[in-house]
Amino acid sequence: MLVGVCDFPGSYAFPPVGYGGIERWLWAVAVGARAAGADVHLLGPGWLTDLENDWVRRPVRLEDITAGSLAERELRDTGYDLLVVGHEYPSLPAWARTWSELDCDVATFQHSPVFQHADAAFDGKRSRLYCYSPEMTERYASHRPIPELAVHLGLHEEEPPATAGTDLVWLGRIDDDKAPHIAARAAQILGRRIRIVGPVFDKEYVRLHEDLLGAEHVEWVGELGGTAKTAAIAEASVFVYTYARAYVEAGAAVFGESLRAGTPMAALTWREGTCAQAALCNETGGVAVVDPLEDDETAAQRLADAIQQAEDLDHRRVQAIGMQRFDPVRHFQAMVTRSC
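Calculation criteria
Residues numbered from 1 in each chain as written. Predicted model: local features only at pLDDT ≥ 70, side-chain atom pairs only at ≥ 80, totals over all residues. Heavy atoms only, no water. Pairing = 2+ DSSP bridges. Helix = DSSP H or I, 4+ residues; strand = E, 2+ residues; numbered from the N terminus. Axes fitted to C-alpha atoms, helices over the stretch in contact; angles between N-to-C directions. Contact = heavy atoms within 4.5 Å. Core = buried A, V, L, I, M, F, W, Y, C linked by side-chain atoms within 4.5 Å. Buried < 20%, exposed > 50% of the residue type's maximum accessible area, 1.4 Å probe, protein only. Phe/Tyr/Trp six-rings, centres within 6.5 Å; stacked < 30°, edge-to-face > 60°. Lys NZ or Arg CZ within 6 Å of the ring centre and 35° of its normal. Polar contact = N/O pair within 3.5 Å; in protein donor to acceptor, adjacent residues only side chain to side chain. Right-handed = clockwise from strand over helix to strand, strands pointing away.

Q: Please clarify how the sheet that holds strand β8 (residues 168–171) should be interpreted in this entry.
A: Pairing is parallel in the open sheet, where six strands are placed in the order β10-β9-β8-β11-β12-β13. Each end of this open sheet is capped by a strand with a single partner; those strands are β10 (218–222) and β13 (285–289). Ignoring which end each strand starts from, the neighbouring axes of this sheet average 20° apart. As defined by bridge partners, strand β12 (residues 265–269) adjoins β13 across five bridges and the pair is classed as parallel. Across the sheet, Met265 pairs through a bridge with Gly285, a residue of β13. Packed on one face of the sheet, helix α8 (residues 226–234) meets β8, β9 (194–197) and β11 (238–241) and runs near 135° to β8. Its contacts with the sheet put helix α11 (residues 296–311) on β8, β11, β12 and β13, and the angle it makes with β13 is roughly 165°.

Q: Please explain the sheet that holds strand β5 (residues 105–109) as it appears in this structure.
A: Across a sheet, paired strands are connected by hydrogen bonds in the backbone, their directions being either parallel or antiparallel. With respect to topology, seven strands assemble into an open sheet ordered β3-β2-β1-β4-β5-β6-β7, the strand pairing being parallel. Single-partner strands in this sheet number two, and they are β3 (56–58) and β7 (146–147). Relative to strand β2 (residues 39–43), strand β1 (residues 2–6) is paired through five bridges, and the arrangement is parallel. Among the inter-strand pairings, Val5 is bridged to a residue of β2, identified as Leu42. The strands that helix α13 (residues 328–336) touches are β1, β4 (82–84), β5 and β6 (127–131); relative to β6, the one it contacts most, it runs at about 135°.

Q: So what exactly am I meant to see when it comes to the nonpolar core here?
A: A general trend in soluble globular proteins is that nonpolar side chains are found buried together. Residues Leu83, Tyr132 and Phe255 are the most contacted members of the largest nonpolar core, which totals 104 residues. With residues near it in sequence (within four places) discarded, Leu83 still touches Gly4, Cys6, Leu43, Leu62, Trp95, Trp99, Leu102, Cys104, Asp105, Val106 and Ala107. Core analysis: the second largest hydrophobic core is formed by eight residues, Ala121, Phe122, Tyr140 and Val248 among them.

Q: Which parts of the structure should I look at to understand the packing of aromatic side chains?
A: Geometry of an aromatic ring pair is reported as the spacing of the ring centres plus the angle between the planes. Counting across every chain of the model gives ten aromatic pairs. Geometrically, the ring pair formed by Phe8 and Phe14 is edge-to-face, given 5.1 Å between the ring centres and 90° between the ring planes. Both rings, one in Tyr241 and one in Phe255, keep their centres 4.7 Å apart while their planes meet at 50°; by these two values the pair is tilted. With Tyr241 in strand β11 and Phe255 in helix α9 (residues 253–260), this pair connects stretches of sequence that are 14 residues apart. Phe255 carries the same exposure label as Tyr241, and that label is buried. Among the aromatic residues, those joined into a ring-pair cluster are Phe8, Phe14, Trp27, Trp47 and Trp55. The aromatic ring of Trp55 is capped on one face by Arg34, whose charged end is 3.7 Å from the ring centroid.

Q: Help me out: how do you make sense of the side chain of Lys229 in this one?
A: Looking at the secondary structure, you find Lys229 in helix α8. A distance of 2.9 Å separates a polar atom in the side chain of Lys229 from a polar atom in the side chain of Glu257.

Q: Just checking my understanding: could you explain the pairing of β8 for this structure?
A: One face of the sheet, then the other: side chains in a regular strand alternate in exactly this way. Residues Leu168 and Trp170 point to one face of β8 and Val169 and Leu171 to the other, with burial holding for every one of them. Note: β8 against β9, four bridges, orientation parallel. Residue pairing across strands places Val169 opposite Arg195, the latter belonging to β9. The parallel pair β8 and β9, bridged by helix α5 (residues 180–190), forms a crossover whose chirality is right-handed. Judged from the two bridges that link them, β8 and β11 form a sheet pairing that is parallel. Across the sheet, the residue bridging to Val169 is Phe239, located in β11.

Shown next as C-alpha cells:
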C-alpha cells in the first residue's frame, strides 16, 4: 500500500516538537503506516527537510496543482492507495478536484468541533471521517463518521518504562478554554504540588486567576518538547486534565500522551460522552463529571477526588493499556480497514 500524508499551511513544523494538534496526528499516521509495512510519502513543503534522509518527501500540495498539469499526471501515475489529510481539505474544492483525479481513498480526523464540511465531502467508504468521542460523532453524524481514538506523536517523544511519579502535572495551552486554574485549585485542596506545562495563549486569563496560578504549590514550566516533554509527563504521579464548560475537545492528544507514558489521568468533564470517557477506563484514570451549573470550587473538589482515585492505579498497567489503545500501527490499520 502506498500512503501519502499531506501537510497544510500552519505555524508548526511537520512533525512538531512540543505543542501541536493535527500536525502530531499526521506524523503518528505516517509512523504507524510505515511500521505496518506501507510505503509512505510525506506530501507538502511543511515537512522538515532533514526527514529526506529517511523518508520520501514530495514538497507539493494538492490544492496548488493545476488541472491537466505535469504535476497532476505525476501524482496520478504514482498510484496512491490512501491520502491522509487535515480535516478541512476534503471540503476544499481545489484539493478535492486534484484528489478526484488520483483515484484513491482519503481519510481524515476531526480536530475541530465547529468546522462545517461540504455535504458530499465524505461517503464513509472512499472518503472517511474519523471522530474521537461520542459527542463528536454526534456532531458530524451527517458525514458518516467512524469512531476512533486519535494517536499523536512528536519528535523524540519515545516513552521510557513507566515509573510511579511524584508531583501532579497539567499540560496544554494556557487559556480560558483549557482552564488550568481548576487543576491548580484541586492540587491545592490535596496539598499537592502541580507543574503547569505549556505555552501561554491568553495573558488576561492568567492575570484573572493569578492567585491560583501563581500560588506556591504551582510550578510554571513553560512549553516543552521532545524528551523533556515526555519526561514531564512520565515523572508525574497523575496527569490532571481540565477544560472550560462550553469548550468541546475534539482531538485530545494528551490522553494518549499520558497513558503511553504510564501516567494515570484525573479528568474533569462537564457532560457524558466526551474524549475523557472515550479514552479512559477504571484502570487508566478517574473522571469527574460535574454539572456545568456548579461553580469552580465544586468542580475542583470533584477533580481532587478523581486525582486520589487515579493515584492508586498501577503505572505499568496504565502504560501497557496506553501502548495498545494509542498504538500508531493499530491506529493506521483501523483507518485503512474500509479501503482494503
